[in-house]
Each structure stands twice: as structure tokens, then as C-alpha cells.
Amino acid sequence: MKIYLATGNLGKKREFQEILRDFEVVIPSDEKIEFDPDETGETFYENSMIKARELWKIVRAPIIADDSGLCVDALGGAPGIFSSRYAGPDYMRGLPDGKKIPQEEQNRLLLEQVSAKISRGIDSSDFPNGPRSCRYVCSMVLLFDPERFFIAQETMEGALVESLALARGEGGFGYDPIFELPYMGGRTVAQLSPEEKNSISHRGKAARAIASQLAASFS
């Protein structure tokens with residue numbers, strides 16, 4: 001069965017297809033659908049629902065949409081929903097012209113901002129993984145129609161590396177090379193195999209919850 005994924009991100013499509021093996025995962029560009037909704041929500045959930053409803057209007061078929069991002073404790077949870085648009089401490093919500101900077105530049109700026117914050121002194125006693133503690137958050141919606149949907153929200157806990165020189169790994173995408181997992185031998189998310197990542201990631205856990213709803217709905 002075909003299930004539409006409300007994204008243009010090929011990395012996300014690959015991860016979802018690995019998890020939803022019993023379904024054909026299709027993104028809008030696969031069918032030459034122009035899809036770039038304004039993500040005006042204030043939470044991960046609100047943005048995922050915006051994307052789901054907008055794509056449903058076009059295809060009138062089951063939709064999976066997610067919104068995810070990196071939340072850094074030292075920065076009060078930033079960049080959060082603005083993770084893909086983050087452009088340094090002066091442009092936490094993105095550049096005025098809407099353009100995105102290269103991912104490696106995002107990684108560098110974020111690590112420098114966190115290091116500067118730590119150097120000025122922070123109380124990290126409540127942070128689960130030290131002063132560089134962070135988490136990925138994923139809010140996922142399975143939408144059958146605007147009145148019938150399921151929601152799952154999950155996290156993956158970790159800590160940022162100290163500098164870009166310590167970024168490592170060729171897998172994953174986004175901030176994965178600078179996101180360390182203390183409980184996985186200190187490896188970064190980008191050093192995990194796809195199977196390892198899917199078993200513990202925010203998106204993997206949310207997708208499995210959504211997959212169970214899909215299976216129940218079509219059994």
C-alpha cells in the first residue's frame with residue numbers, strides 16, 4: 001500500500017522506508033507534486049499537522065508528516081522547530097531572506113554558540129547529559145482525513161561534541177555528526193548503522209508507534 005510522506009527530504013524518506021517495510025513510501029517530488037507549506041506552528045506537533053493537512057488536500061490519501069529538530073538544553077531548547085533554518089546566534093530562526101546555510105556551517109555555528117554560553121557559566125545540574133546535553137524531538141502525525149488522525153512524539157537523548165573537529169560519521173543527515181550518544185559508546189548518530197539508528201532514534205520510535213496504527217487500521 002502507498003503512504004505519502006509530507007517531506008522533500010530524501011534522508012527522511014529512506015529512514016521511513018526502512019521502518020515501514022510493508023508500505024510504499026512516496027514523497028511529493030516522486031509524483032512531481034509541488035509541496036512547500038509555510039510551517040507557521042509554534043510547536044513540532046503544530047508544524048507536522050500543517051504539513052499533513054496541506055498534502056492531504058492534494059492527494060486525498062493517508063499521510064504521514066513529521067516535524068523534528070534539535071533541542072539544546074544550554075540554549076533553552078533552541079534551535080528547536082527552527083533547526084533546519086538556524087543560522088547562528090544572530091539568526092536563531094533563520095536568515096531574513098529565508099535561505100538556508102550549509103549544514104556544516106550550521107553545525108559549526110551551533111557548537112560555537114553553545115561553547116560561548118557554557119564559558120559564561122550555566123547551571124547544568126538538571127541537564128541529563130552534562131552542559132552540552134541535547135535531544136532530538138520528533139512529532140509525527142498519521143492522518144487519514146482532517147478529522148481522523150493519530151499522533152506520536154518521541155525523543156533521542158544525547159550531547160553535542162565540543163567542536164567541529166570532533167564531528168564524525170558518514171551516515172544520517174543534519175546534525176547527526178555532532179550528536180553524541182553516551183549510552184552507545186560515545187559514538188555519534190552519524191556513526192550508527194541504519195538499523196541501530198532506527199532502533200533508538202526519535203523518528204524511529206515515533207514511526208513504529210505510527211506503524212502499529214497503520215497495521216491496525218488495515219488489518
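Residues numbered from 1 in each chain as written. Predicted model: local features only at pLDDT ≥ 70, side-chain atom pairs only at ≥ 80, totals over all residues. Heavy atoms only, no water.

Observations regarding the environment of Glu105
In step 1: With respect to the helices and strands, the residue Glu105 is situated in helix α3 (residues 103-119).
In step 2: Exposure remark for Glu105: the relative accessible area of 30% places this residue in the partly exposed category.
In step 3: Distance in space between the C-alpha atoms of Glu105 and Tyr86 is 9.9 Å, their sequence separation being 19 residues. (Helix = DSSP H or I, 4+ residues; strand = E, 2+ residues; numbered from the N terminus. Buried < 20%, exposed > 50% of the residue type's maximum accessible area, 1.4 Å probe, protein only.)

Section: the pattern of salt bridges
In step 1: The final tally for this structure, using the stated rule, is 16 salt bridges.
In step 2: With a closest N to O distance of 2.6 Å, Glu15 and Lys197 form a salt bridge. Here Glu15, found in helix α1 (residues 10-19), pairs with Lys197, found in helix α4 (residues 194-200); they are 182 residues apart in sequence, far enough to count as distant.
In step 3: The partner of Glu54 in a salt bridge is Lys57, with the nearest N and O atoms 3.1 Å apart. Of the two residues, Glu54 and Lys57 both sit in helix α2 (residues 44-59), three residues apart, roughly one turn of that helix.
In step 4: Taken together, the shared-partner salt bridges in this structure form one network comprising Lys12, Glu15, Asp66, Asp176, Lys197 and Arg203. (Salt bridge = Lys/Arg side-chain N within 4 Å of Asp/Glu carboxyl O.)

Overview of the sheet that holds strand β5 (residues 148-160)
In step 1: Taken in spatial order, the six strands of this open sheet run β2-β1-β3-β4-β5-β6, and their pairing is mixed. Each edge of the open sheet is held by one strand with a lone partner, namely β2 (24-26) and β6 (179-180).
In step 2: Sheet analysis places strand β4 (residues 133-145) next to β5, joined by 12 bridges and oriented antiparallel. When the bridges of β5 are listed, Leu142 appears paired with Phe150. (Pairing = 2+ DSSP bridges.)

So, unusual backbone geometry
In step 1: Here the amide bond leading from Ala78 into Pro79 is cis, since omega sits at 0 degrees, within 30 degrees of zero.
In step 2: Despite not being glycine, Lys32 has its phi angle at roughly 55 degrees, a positive value.
In step 3: Of note, Lys32 is situated in the loop between β2 and α2.
In step 4: Unlike most non-glycine residues, Arg60 shows phi in positive territory, near 50 degrees.
In step 5: Tracing the backbone shows Arg60 in the loop between α2 and β3 (63-72).

Concerning the environment of Gln103
In step 1: With respect to the helices and strands, the residue Gln103 is situated in helix α3.
In step 2: For the pair Gln103 and Thr7, spaced 96 residues apart in sequence, the C-alpha separation works out to 18 Å.
In step 3: Discounting residues that sit within four places of it in the chain, Gln103 has contacts with Gly174 and Tyr175.
In step 4: Only 2.8 Å separates the side chain of Gln103 from the side chain of Asn107, close enough to count as a polar contact. (Contact = heavy atoms within 4.5 Å. Polar contact = N/O pair within 3.5 Å; in protein donor to acceptor, adjacent residues only side chain to side chain.)

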